[in-house]
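What follows is each chain in one-letter form.
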Amino acid sequence: MQLNYYKEPFEKFLTTYEEVGYVEILSYPVIYASGLPNVKVREVVMFDDGSLGYVTSLDKEYVEILLFSKDGLRIGSKIARTGNVLEIPVGEELLGTSITPLGFSIYEGYPAKRKADFRPIDIHALDISYREKITEPVETGVALVDLLIPLGKGQREMIVGDRKTGKTEFLLQTMLSQAKKGTICIYAAIGKKKIDIKKVENFFVRNGIIENSIIVATSSSDALGLVYLTPYSAMSIAEYFRDLGRDVLLILDDMSTHAKFYREISLLSKRFPGRSSYPGDIFYTHSRLLERAGNFKHPSGKPVSITCLPVAESIEGDISGYIQTNLMSITDGHVYFDKDLFANGRRPAINYFLSVTRVGRQTQSQIRWGVNRELNSFLTLLEKTQSFIHFGAELNEGIRSTLSMGEHVLAFFDQPMDKVISINMQIVLFGMIWLGFFKSETNERIQFITQLSIEKYRSDQKFKEKIDKLISDATDFNNLLGSLSIKKDEILSFYQL
Amino acid sequence: MFLKTVEDMKIEEKLADLLVSISNSKKFLDELDLFKRKFFTITEGKGTDISSAIEEIWSGEKREIMKKYFENSSNFNESADYLRDYILKLPKVSLTLAIQPRNEFLNRLYLWMKEHAGNNMLLDISIDPKIIGGLVLSYKGNYINKSLSVLIDRYFMTEGKEYAVKLL
């Protein structure tokens, strides 16, 4: 019978496993212990004060143990084996809670709710026979991403950008959009400031999606071992819900901080430093985690997915850093938040030319495919045209109309943080702009019309049905444009412009 | 060069058999330090000779062992350091008992353990009345709890539970 280290006292483990260890060298966050002759790597050990540790390596003399708590230990403290690998309690009760990577509430004095099951935190990813092709799209609710850099359910897409460029805002919008569709949203805050964790929690509460969300959080003042565990724990919870047949959106915010904390642990464990002092296994540390996301077969017959959005912070817009490029090669693309675009007032400040999606396009319908193609070629043309006008040449009618259309399209892409647009509404709005319905309107009016559309789509059932029918009846984008041209007056009448 | 012989090793083992527990070994190491200080004054030409220093510090069987140990030694300082290292490196057996044991019991326990472990050791004795009786032993990372409290706990979880249900 395996004992549960969340419930049983220290003495019980000593008596059961009949092995004891003693702290010999304390070099926080790692300790070296004598004794424990049969302990295994990755086994959880318990200290005499009830705190837990995790065996990271063994040598002839000492056992190396990573600590999950910050104080209470001294030289000579007793250690007992638990015979278990590291596990996290999981269950439906986790929904709506904010927990530490070991499953306790982040609020002191609030015990975690009783959970039904336990899941190992660090396991091997399911092999290829359990996986399915990514075919379903993920709606982020952010028009720029949904139309230009589409994502699929089960995709791993890195979100990269300098600090304070709107990465977290985009992630919150995505979670808002997905949670409303019934997807389980798990937000892993890795070594974040406590105030930032609270802001995310408040966002969930304010938007009524807390019951579909879980926050797994460690703050920068937590034990290094705990911070290191955060994304693994969050992934284990995601796997639990995946196995229940629920789609999961997992946000890992952020992996460059995770790499820094892991570097600190490795250097203090006297492991040999490699490039930028990161340990040699930093790639494996991240790849074995992100490989656990994907689109999977499920006994119900319907595939289930863990869509993973790992965040990486760049410095001065340099996305060719070590960790960023590692993550690029692990993930299926990246969305790049540009600080210059942010400074120019663009929200979201996504640089679509430097962003990549590898599997998202295969999930798109004919109509979205058409929008994507048109938009891509138009934005390339717009970029060329904008660089051309720098020469101060006289502008002909064609160039002027391209620039004007460009302004309208970019105004349409400007989206406030707390608003998400349904994909059908996005396509119809873009179609209307593309056909020049709002040709004479200013950028501010375009933004106003976009906001009005979001509001009407949400509150006016008749309008929503109209928009949805337009999309379902259209065979492709050109067909939609034809329908829009015919029904121009009818659609504009909804706006009372 | 200071060389140890088989005969010397036997003397050290005899000493370990006398020490038995860590508390005795600590006391002995303090005495050894005192001896080294006296030895320093002897070599400076001030104090008494080696044998009177040994007689002053140790008594009984320990005195005889120390006399024998130092009589063949050419370098007293190195011999004392060697002895100190030997004692510090002796494996330690942690032993928890419910009551303070008598010396005869401790010696019997020591000899029994030496016979089974096959080498000298020092007993690190601690007293914990919570174990009620029996002993808790840990040696080289192995931990054996043969205390009465564990037996009672186990009883109440198995047969005792059935009896309690019947009685109540």
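Residues numbered from 1 in each chain as written. Chains lettered and ligands numbered in written order. Predicted model: local features only at pLDDT ≥ 70, side-chain atom pairs only at ≥ 80, totals over all residues.

**What to know about the pairing of strand β1 (residues 92-97) of chain B**
All names here are of chain B. This is how the line gets drawn: With C-beta atoms placed from the backbone, a residue counts as buried when 20 or more other C-beta atoms lie within 10 Å of its own, as exposed when 12 or fewer do, and as partly exposed for counts between those limits. Strands are runs of DSSP state E lasting at least two residues, helices are runs of H or I lasting at least four, and both sets are numbered from the N terminus onward. Should DSSP find at least two bridges between two strands, the strands are taken to pair. Handedness of a crossover is defined as follows: orient the strands so they point away from the viewer, and if the path from the first strand over the helix to the second runs clockwise, the crossover is right-handed.
Across the two faces of β1 the burial differs, with V93, L95 and L97 buried and K92, S94 and T96 not buried at all. Pairing between β1 and strand β2 (residues 122-127): six bridges, direction parallel. Opposite L95, over in β2, you have I125 as the bridge partner. Handedness of the crossover joining β1 and β2 through helix α6 (residues 103-117) is recorded here as right-handed. Note: β1 against strand β3 (residues 134-139), five bridges, orientation antiparallel. The partner of V93 across the bridge, within β3, is Y139.

**Topic: the domain arrangement of chain B**
Residues and elements named next belong to chain B. We apply this condition: Annotation comment: domain bounds sourced from an automatic or database domain assignment. Residues are defined as contacting one another if the C-beta atoms placed from their backbone atoms lie within 7 Å. Note that Gly is not counted as nonpolar here; it falls among the polar residues with everything else outside the nonpolar set of Ala, Val, Leu, Ile, Met, Phe, Trp, Tyr, Cys and Pro and the charged set of Asp, Glu, Lys and Arg.
Domain parsing of chain B yields domain 1 (6-88) and domain 2 (92-157). Summarising the inter-unit geometry, the C-alpha centres of domain 1 and domain 2 are found 30 Å apart. Each partner contributes residues to the interface: domain 1 has seven residues there, and domain 2 has nine residues. Broken down by element, the side of domain 1 that touches domain 2 gets its largest block of residues, three residues, from helix α1 (residues 6-19). Across the side of domain 1 that touches domain 2, the residue classes break down as four nonpolar, two polar and one charged.

**A few points about the interface of chain A and chain B**
Interface size is often expressed as the accessible area that is lost when the parts come together. Counting from both sides, the interface comprises nine residues of chain A and, opposite them, eight residues of chain B. Elements supplying a minimum of two residues to the side of chain A that touches chain B: α1 (10-17) and β1 (20-27) of chain A. Residue composition of the side of chain A that touches chain B, by class: four nonpolar, three polar and two charged.

**A word on unusual backbone geometry**
In this structure, the amide linkage connecting A:Y28 to the following residue, A:P29, adopts the cis form with an omega of 10 degrees. Inspection of the secondary structure assignment puts A:P29 in the loop between β1 and β2 (30-35). For the peptide bond that leads from A:R347 to A:P348, omega is -5 degrees, which places it in the cis range. Looking at the secondary structure, you find A:P348 in the loop between α9 (339-343) and β19 (356-357). Not every positive phi belongs to a glycine, and A:S277 is a case in point at roughly 70 degrees. Relative to the assigned elements, A:S277 resides in the loop between α6 (255-268) and α7 (282-290). A:S277 sits in the exposed class, given 12 other C-beta atoms within 10 Å. For B:I132, which is not glycine, the phi dihedral falls at a positive 70 degrees. When you line up the elements, B:I132 lands in the loop between β2 and β3.

**A few points about the domain arrangement of chain A**
Taken as a whole, chain A is organised into domain 1 (10-85), domain 2 (89-364) and domain 3 (368-495). Placing the centre of domain 1 of chain A and that of domain 3 of chain A at their C-alpha centroids yields a distance of 62 Å.

**So, the sheet that holds strand β4 (residues 142-147) of chain B**
Residue and element names in this part refer to chain B. Quick note on the threshold: Axis definition: a line fitted to C-alpha atoms, limited for helices to the stretch in contact. Angles are taken between N-to-C directions and run from 0 to 180 degrees.
One open sheet accounts for four strands, arranged β2-β1-β3-β4; its pairing is mixed. Here the strands that pair on one side only, and so sit at the sheet edges, are β2 and β4. For this sheet the average axis-to-axis angle between neighbouring strands, irrespective of direction, equals 15 degrees.

**Concerning the sheet that holds β1(A)**
To summarise the sheet geometry, strands pair through backbone hydrogen bonds and adopt either a parallel or an antiparallel arrangement. Sheet architecture is closed into a barrel: six strands sit in the order β1-β2-β5-β4-β3-β6 (chain A), paired in antiparallel fashion. Taken over all neighbouring pairs, the strand axes of this sheet differ in orientation by 45 degrees on average, direction set aside.

**As for the environment of A:A217**
Residue and element names in this part refer to chain A. Tracing the backbone through its elements, the reader meets A217 in strand β14 (residues 213-219). Taking the C-alpha atoms as reference points, A217 and V304, 87 residues apart in sequence, are found 25 Å from one another. Leaving out residues up to four positions away in the same chain, A217 has contacts with S98, I106, A189, K192 and I197.

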